[in-house]
Amino acid sequence: MNNDLPWWQTESLTVQDGALCMDGVVLETLARRHGTPLYVYSRPTVQRQLRVLQAMLAQVTERYKVYYAMKANRHVGVLAAARATGGVGLDTCSPREVETALMNGFAPEEISFNGGMLSNRDLAYLAGSGVHCTLDSFSALRRYGEVARAGTSVGLRFDPGVAASYGQQPKMVYGKSKFGFDVEECAAALDAARRAGLTVDAVAMHIGWGLPQSSADLVDWAFGRLAEVARQCPTLAMINVGGGLGGRYLAADQPLALETWRDLIGKHLAPLGAAIVCEPGTWVVAPAGLLIAEINTIEARRSATWVGIDAGHALNPLPALYDIPLEVISLCAPLAAPAMVANVAGHINEGIDIWARARPLPALQEGDLIAFFPAGAYGASMASNHCMRGEFAEIVVG
Ligand SMILES: Cc1ncc(COP(=O)(O)O)c(C=O)c1O
């Protein structure tokens, strides 16, 4: 490994002749042409990430399926890239997502649905859509049974019972949360499904967002619990391990290694013989995207030195609302050494609209462009129009 390379460099995100490039496209030129704020997504990265995951699963089972979680990024180009990869379905969590998946060429049998707190309207749509649904409450089982054809297959989602996530942040932990049956309720949930006329063919668990390597023991325990419920299900065809795989957000991050994840699936779940299903969002698309913004203000105040930009947390809630850091890269001098320490703030009228605090940054000037990375997941797909600052462009390269 070349230690001179920045941690964020990927096969697609590179520095060429001193300029930041995505798949060979000079980002400064692209952003000057299309304006800022601009999301740029790398098609090759989406496909590479998906293929790596498929290859990993193939090492522990012959029967697996990757459903890309489109909630992370539903840009048509990203969905097309996922589809063109081959063997990849879409994971959805709302009727509108199902409709979008269908409109983008995915057949109902290539679409999984995994959502909670579902209305009768949602359930009626899902029953008619032909997509496989994973449900997570007695109420949803009962009401789905009233509208779905007798014998319709469903999955049951279980609460992982552990607090595992990026930085152990409560907002990204799914154990003891609003989602899923308790493992101890498995027999009752199976019984409720039977009474509703549904066939349980899958058990599912989504453990947490951005799982770090330090959570390996918790993932080990949770997959063991998932195996317990899988064994109780006589009509089991699939075990769904959800998403949760992440990448680095800052240099010091140590995400759960794919090999660890694979080994834990191999230890607990693959031997049960059912197909292994996963629903990755972040893993697939986070490193495929960055958000480019223009600096409009640089000013030293008593509070700090502030770098102001033309994009706020309306376009990407991760730093401001979830305390998830993003790397800040200068487009014209991506390898320059730090020359100042500053806060980077957006143009939304809220004190929380801060992208980075006390961050070492290279020498920057008003009018310069910076990129936030990795910004492909849960950025554009979670954008709002707060303060009517919701406009941005998206481009797929590669
Ligand atoms: C049930 C389920 N599956 C998959 C995902 C995708 O997760 P990630 O982006 O961590 O891969 C989520 C995210 O919230 C989820 O709730």
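Scroll up to find the structure.
Bear in mind the structure is a predicted one, so any value in this text is a computation, not a measurement. (Residues numbered from 1 in each chain as written. Predicted model: local features only at pLDDT ≥ 70, side-chain atom pairs only at ≥ 80, totals over all residues.)

Core analysis: the largest hydrophobic core is formed by 130 residues, its most contacted members being Ile292 and Ala371. The leading source of residues in this core is helix α8 (residues 216-231), at seven residues. Counting contributing residues, this core receives three or more from each of domain 1 (13-42 + 287-397) and domain 2 (44-285). When neighbours within four sequence positions are excluded, Ile292 is seen to be in contact with Leu27, Ala31, Thr36, Pro37, Leu38, Val40, Leu331, Leu369 and Ala371. (Core = buried A, V, L, I, M, F, W, Y, C linked by C-beta atoms within 7 Å. Buried ≥ 20, exposed ≤ 12 C-beta atoms within 10 Å, placed from the backbone. Helix = DSSP H or I, 4+ residues; strand = E, 2+ residues; numbered from the N terminus. Domains from an automatic or database assignment. Contact = placed C-beta atoms within 7 Å.)

The next subject is the sheet that holds strand β1 (residues 13-16). With antiparallel pairing, three strands are arranged side by side in an open sheet as β1-β2-β3. Only two strands of the sheet have a single neighbouring strand rather than two, namely β1 and β3 (25-26). (Pairing = 2+ DSSP bridges.)

As a further point, take the sheet that holds strand β8 (residues 132-135). Strand order in this closed barrel of eight strands is β5-β6-β7-β8-β9-β10-β11-β12, and the pairing throughout is parallel. When the angles between neighbouring strand axes are averaged without regard to direction, this sheet yields 30°. Taken strand by strand, helix α2 (residues 43-58) contacts β5 (64-69), β6 (88-92) and β12 (275-278), and its axis lies near 150° from that of β5. (Axes fitted to C-alpha atoms, helices over the stretch in contact; angles between N-to-C directions.)

Attention now moves to the site of the ligand. As a structural note, the neighbourhood of the ligand is formed by 15 residues, with Ala69, Gly243, Glu279, Gly281 and Thr282 the closest of them. When the residues that make up the shell around the ligand are grouped by side-chain class, the tally is six nonpolar, seven polar and two charged. (Near = placed C-beta within 6 Å. Nonpolar A, V, L, I, M, F, W, Y, C, P; charged D, E, K, R; others polar.)

Below, the discussion takes up the packing of α2 against helix α3 (residues 76-85). Geometrically, a packed helix pair is captured by the angle between its two axes and the distance between the axes. It is the contact of α2 with α3, at a shortest axis distance of 9 Å, that shows an interaxial angle of 40°. Judged on the interaxial angle alone, α3 and α2 are oblique. Handedness of the α2/α3 crossing: right-handed. The residues of α3 that touch α2, namely those facing Arg43, Val46, Gln47, Leu50 and Arg51, are Gly77, Val78, Ala81, Ala82 and Thr85. Partitioning the contact of α2 with α3 into residue classes produces five nonpolar, three polar and two charged. (Parallel < 35°, antiparallel > 145°, perpendicular 65-115°, else oblique. Left-handed = near helix turned anticlockwise from the far one by under 90°.)

A separate point is the pairing of β6. For a regular strand, the rule is simple: side chains alternate between the two faces of the sheet. For β6, the buried fraction is high: five of the five residues fall into the buried class. Here β6 shows a buried face lined by Val88, Leu90 and Thr92 and a second buried face lined by Gly89 and Asp91. Judged from the four bridges that link them, β5 and β6 form a sheet pairing that is parallel. Bridging across to β6, Val66 finds its partner in Val88. A crossover connection joins β5 to the parallel β6 through α3; in handedness this β-α-β unit is right-handed. Alignment of β6 against strand β7 (residues 111-114), held across three bridges, turns out to be parallel. Its bridge partner being in β7, Thr92 is matched across the sheet by Phe113. (Right-handed = clockwise from strand over helix to strand, strands pointing away.)

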